[in-house]
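# An overview of the molecular structure
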Amino acid sequence: MLRRLFQWSAGVSAFFLLIGLSIGGIVWGSPNSNGDRPSPAASIQAKALNLEVETMYRLVEEGNLQATLESLRKIQSIFEASSFQGLTSVEGIHVLAESIVEMKETTASSTLDPKQWMMSAGKLRLAVDSLTHPKDGIWLQYYKLMREDLQMMEQSAAKQDRDGIKKAYALLEDHYELIRPALVMQRKQEEVSMIESWLSHAGGAVSTASPATVREIVPQGEVIVNLLFGKKKDEPALAQLNEVEGPWFWQLLFAAFILSALTFAAYRKYRGLRDGYYPWFPKKS
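First, a word on scope: everything that follows refers to the structure included in this document. (Residues numbered from 1 in each chain as written. Predicted model: local features only at pLDDT ≥ 70, side-chain atom pairs only at ≥ 80, totals over all residues. Heavy atoms only, no water.)

Counted under the stated rule, the structure contains seven salt bridges. The partner of Lys 123 in a salt bridge is Glu 102, with the nearest N and O atoms 2.9 Å apart. Taken together, the positions of Lys 123 in helix α5 (residues 114–132) and Glu 102 in helix α4 (residues 90–108) put the pair 21 residues apart, joining distant regions of the chain. Since its relative accessible area comes to 6%, Lys 123 is described here as buried. Among the ionic pairs, Glu 222 bridges to Arg 147, the shortest N-O distance being 4.0 Å. In this pair, Glu 222 is assigned in helix α9 (residues 211–228) and Arg 147 in helix α6 (residues 142–158), connecting sequence segments 75 residues apart. Take Arg 147: its relative accessible area is 7%, and that puts it in the buried class. Linked through salt bridges whose partners overlap, the residues forming this network are Glu 102, Lys 123 and Glu 177. (Salt bridge = Lys/Arg side-chain N within 4 Å of Asp/Glu carboxyl O. Helix = DSSP H or I, 4+ residues; strand = E, 2+ residues; numbered from the N terminus. Buried < 20%, exposed > 50% of the residue type's maximum accessible area, 1.4 Å probe, protein only.)

Spelled out as C-alpha cells, the structure:
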C-alpha cells in the first residue's frame, strides 16, 4: 500500500514538473526586468567599480599583495558611496557586499592560499562585471563548462565510474560557486533556489546513491542550467522566454521539484525501515 502511494506521489510530481518545464515559465532574467530603471549615477558608479575590480583582478594574477590591498580599499570606498538601485536586487547588493568582504578576508589571511585568492577575486570580478553587462556578462561564458561537467557526470555514471562522478560533480560545484554572486545579482531568487535545490539533491545522490540514480537526475540539471543561462539548446519544446508571466508558474514548478525530492527521500526511508536504513545525505562529521 505504501509503495503504491509513493509511486503515485512520484508520478504526480513528475507530471507537474514536466508540465511546468514544457510551458516555458516566468521571465528568466534580471530581477529588475519589471522594476526601477537604473539612474545615470548608478550606471556611472557601476562602471567605476568595474574598472577598479578589473585592476584588482590583474594585481591578483600578478601576485602583488600590497597593491591588491590598496585596490580593495578603493573598491570598498566606491561601493559604500554608490547606489546600484535598478541594476540589481536587494539580495544582489547583499551578495556583492559579501564578495567584497570575502576578498578582503582572503587577502588579509596570514596563510594566503593562491587558489582561494584567485577564486575570491574571480567571484568578485564576475559579480561586478554583471552590473555593467547584464545581458552579456562574463559569467554567462560558464554555461559551456557547466554543461560539460553535467555530461561528464552522465558519462561516468553510464560507465559505473563512481570516482569520475564525484570528480565531475566537484567541478560543477566549483564552477557554480564562482558564478553564484553574479547569478544572484542577475536572476530571480526563485531561479537561484531551483539550481541550489538540484545541486543539494545531486550531491546526496553522488554520495550515497547508485550510478544509475545519478544518471537519471542529470537531465533535470541540464534543463535547469539551460534555462538559468537563457539557453534553449536540447529543449525544443520550451516556450519562448518572457512568453508566460505570473508567479503561479514558479510556485508550481518549485513545489513539484521539492515534492519529487521528498517523495524519493520518503521511499528511501520506507525501504530502509523494511530492509535496513541507508541515509540519503551523508552524515556531517
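Back to the text.
In an α-helix there are 3.6 residues to a turn, and that puts residues three or four apart on one side. When the terminal C-alpha atoms of α5 are compared, their 27 Å separation across 19 residues agrees well with the 27 Å that a helix rising 1.5 Å per residue should span. N-capping of α5 is provided by Asp 113, with a side-chain oxygen placed 3.1 Å from the backbone N of Lys 115. (Expected span 1.5 Å × (residues − 1). Polar contact = N/O pair within 3.5 Å; in protein donor to acceptor, adjacent residues only side chain to side chain.)

On to the packing of aromatic side chains. Taken as a whole, this structure holds three aromatic pairs when the rule is applied. On the numbers, 5.2 Å between centres and 40° between planes, the contact of Trp 139 with Phe 229 is tilted. Here the residue Trp 139 occupies a position in the loop between α5 and α6, and Phe 229 occupies one in the loop between α9 and α10 (248–275), the gap between them amounting to 90 residues. One exposure class covers both Trp 139 and Phe 229, and it is buried. Look at Tyr 143 and Phe 229: their rings are 5.5 Å apart centre to centre, the planes differ by 55°, and that puts the pair in the tilted class. (Phe/Tyr/Trp six-rings, centres within 6.5 Å; stacked < 30°, edge-to-face > 60°.)

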